[in-house]
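The primary structure of each chain is shown beneath.
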Amino acid sequence: MSKVKTAFFCTNCGYESAKWLGKCPSCASWNTFVQEVIHKESSQKENTWKNFHEDKKEIKTIPLHAVTTPEQKRIITPDVELNRVLGGGIVPGSITLIAGEPGIGKSTLFLQIGLLLKDITTLYISGEESDQQIKMRADRLKILNDQFYLLTETSTQTIFQEIKKLRPQLVIVDSIQTIQSPYIDSSPGSISQIRESASEFQRFAKETNIPVFLIGHITKDGAIAGPKILEHMVDTVLQFEGDRHYAYRILRTIKNRFGGTAELGIYEMSGEGMRGVNNPSEILISQKEDRLSGIAIAASLEGMRPLLIEVQALVTQSVYGTPQRTVSGFDLRRLQLLLAVLEKRGGFHFGMKDVFLNIAGGLKVEDPSIDLAVLCALLSSYEDVPLPPLTCFAGEVGLSGEIRAVNRIEQRIAEAEKLGFEKIIVSRYSQKGLNLQKFNIEVLSMGRVDEVYQYLF
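The following refers to the structure shown.

The rules we used
- Residues numbered from 1 in each chain as written.
- Predicted model: local features only at pLDDT ≥ 70, side-chain atom pairs only at ≥ 80, totals over all residues.
- Heavy atoms only, no water.
- Buried < 20%, exposed > 50% of the residue type's maximum accessible area, 1.4 Å probe, protein only.
- Helix = DSSP H or I, 4+ residues; strand = E, 2+ residues; numbered from the N terminus.
- Arc of directions from axis to C-beta.
- Axes fitted to C-alpha atoms, helices over the stretch in contact; angles between N-to-C directions.
- Parallel < 35°, antiparallel > 145°, perpendicular 65-115°, else oblique.
- Left-handed = near helix turned anticlockwise from the far one by under 90°.
- Contact = heavy atoms within 4.5 Å.
- Nonpolar A, V, L, I, M, F, W, Y, C, P; charged D, E, K, R; others polar.
- Salt bridge = Lys/Arg side-chain N within 4 Å of Asp/Glu carboxyl O.
- Expected span 1.5 Å × (residues − 1).
- Polar contact = N/O pair within 3.5 Å; in protein donor to acceptor, adjacent residues only side chain to side chain.
- Core = buried A, V, L, I, M, F, W, Y, C linked by side-chain atoms within 4.5 Å.

1. Observations regarding helix 12 (residues 449-456)
Residues Val-449, Val-452 and Leu-456 constitute the buried set of helix 12. Along the axis of helix 12, the buried residues cluster in a sector spanning 60 degrees; they form a single face.

Given below as structure tokens:
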């Protein structure tokens, strides 16, 4: 028998050491090393994919100018939102990691995508659910596909044996934390197991030119569970996020070797699966007949997609000694900064006021262009005067009270015009290179916060 080998791994970043260390040399974290039993044999001998396709790739060194780059034929899925996030479709031979909170809908989304791809053979590998559970979910989706196959297994050795028999064109693994390799003696979900299992699927994808989707867990801090090297190994990292109490989910690109990372897809969770939302602005803006104070519409930009979102603010007299500052979907420190600007530059006394701010629809917005809408919503609630109807805002607010220009202003104006808005207030410094003749919406340019206040109130 071969000798049992052990190693120490950092639970934060996956750094490997032959002995225990108090401080990780890679990520500088303290007391994060754990001992794991490893027994590495040559996993490449068992899972060789040279005979999977007839053509064999010859390994040799070549100059860069001799490399030919043929047109990459992507697999176009019926899911428009997924195509947008991936940069135009699934790239053959790519390996994609999808992470999100438990219960957010990762398994439902990719089961639905696999069932919708009726022209290719799809293998869905589940290590967490039984065949009956997946069948019940598939019945709820009401999609029939004779080319969709199911495998409930956790051992990579058995999985690759079944893959050699079936020869699928797409592999979905749910989840990578439950998969274990026979070449590592530690338990499933450990750092060494996740790294080894992911490397075997990566080797399979690159040698066979078959795309692989790996569904992963996240930690309580929101980071992807497992070593950081897992994100480096894959070609694309997608984050599936949203609030469980709301119907809308966002599929966001964190890393993409075959496209940009500025795209995102929006889904609506329903009883029959995930439905792609083509025009989210109409959903995120509530249609009210009564004009209410404290509500402003922001022309935001999520990635490359313009969104019109509703900002709700409530300013009331503080009952307790210390005023409250409560936010939902917005950065609390950014709110405190905007309140300080209103105190200093506008003379508004928020020191004895409770301030509550909410981004409608359960979205979390980081775009600084909604500063002007947040500020106007605060002023509207402070004065208890509704803002003018069919007016939206796009601008960043600086510490001196100036309204700063934001990027892609033409896309924001076009989205506001498409949804029927009559006026949009932007920064005076956004006028450079802006052709206002092609818009039917009135574009108002202002340079300071006090100008906006005088115009609105």
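Let us keep going from here.
2. A look at the packing of helix 10 (residues 371-383) against helix 12
Packing of helix 10 against helix 12 brings their axes to within 11 Å, and their N-to-C directions diverge by 50 degrees. What the angle tells us is that helix 10 and helix 12 run oblique. Handedness of the helix 10/helix 12 crossing: right-handed. Residues Leu-372, Leu-375, Cys-376, Leu-379 and Glu-383 of helix 10 pack against Val-449, Val-452, Tyr-453 and Leu-456 of helix 12. Split by residue class, the contact of helix 10 with helix 12 holds eight nonpolar, no polar and one charged.

3. Brief notes about the pattern of salt bridges
Within the structure shown, the criterion is met by 21 salt bridges. Residues Glu-81 and Arg-84 are paired through a salt bridge, measuring 3.0 Å at the closest nitrogen-oxygen approach. Within this pair, Glu-81 and its partner Arg-84 are both found in helix 2 (residues 80-86), separated by three residues, close to a single helical turn. Under the relative-accessibility criterion, Arg-84 is labelled partly exposed at 27%. Across the salt bridge formed by Arg-428 and Glu-451, the nearest N and O atoms sit 2.8 Å from each other. With Arg-428 in the loop between strand 20 (423-427) and strand 21 (442-446) and Glu-451 in helix 12, this pair connects stretches of sequence that are 23 residues apart. Assessed through its relative accessible area of 25%, Glu-451 is described here as partly exposed.

4. Examining the packing of helix 5 (residues 156-166) against helix 6 (residues 191-208)
The description of two helices packed together rests on the angle between their axes and the distance between the axes. At their nearest, the axes of helix 5 and helix 6 sit 11 Å apart, and the two run at 15 degrees to each other. Looking at the two axes, helix 5 sits roughly parallel to helix 6. Helix-helix and strand crossings are classified by hand; for helix 5 and helix 6 the assignment is right-handed. Here helix 5 contributes Thr-156, Ile-159, Phe-160 and Ile-163 to the contact with helix 6, which in turn contributes Ser-197, Glu-200, Phe-201 and Phe-204. Of the residues that constitute the contact of helix 5 with helix 6, the class distribution is five nonpolar, two polar and one charged.

5. Here we look at helix 9 (residues 332-346)
An ideal rise of 1.5 Å per residue puts 21 Å on 15 residues; helix 9 measures up with 20 Å between its terminal C-alpha atoms. Restricting attention to buried positions, one finds in helix 9 the residues Leu-335, Leu-338, Leu-339, Val-341 and Leu-342. Viewed along the axis of helix 9, the buried residues span an arc of 155 degrees, placing them on a single side of the element. Looking at helix 9, the residues exposed on the side facing more than 90 degrees away from the buried face are Arg-333 and Lys-344. Those residues of helix 9 that are buried lie in contact with strand 15 (325-328), strand 16 (353-359), helix 10, strand 18 (396-397) and helix 12. For helix 9, the capping residue at the N-terminal end is Asp-331, with a side-chain oxygen 3.3 Å from the backbone nitrogen of Arg-333.

6. Looking at the nonpolar core
Grouped together as the largest cluster of nonpolar side chains are 44 residues, with contacts concentrated most on Ile-309, Leu-378 and Phe-393. Among the elements of the structure, strand 11 (264-270), strand 13 (295-302), strand 14 (305-317), helix 9, strand 16, helix 10, strand 21 and helix 12 are those that each provide at least two residues to this core. Sort the elements by how many residues they give to this core and helix 10 lands first, with eight residues. When near neighbours in sequence (up to four residues on either side) are disregarded, Ile-309 contacts Leu-284, Ala-296, Ile-297, Ala-298, Ser-300, Ile-359, Leu-363, Val-365 and Ile-370.

Such coordinate-based values are descriptive only and should not be taken to indicate function.
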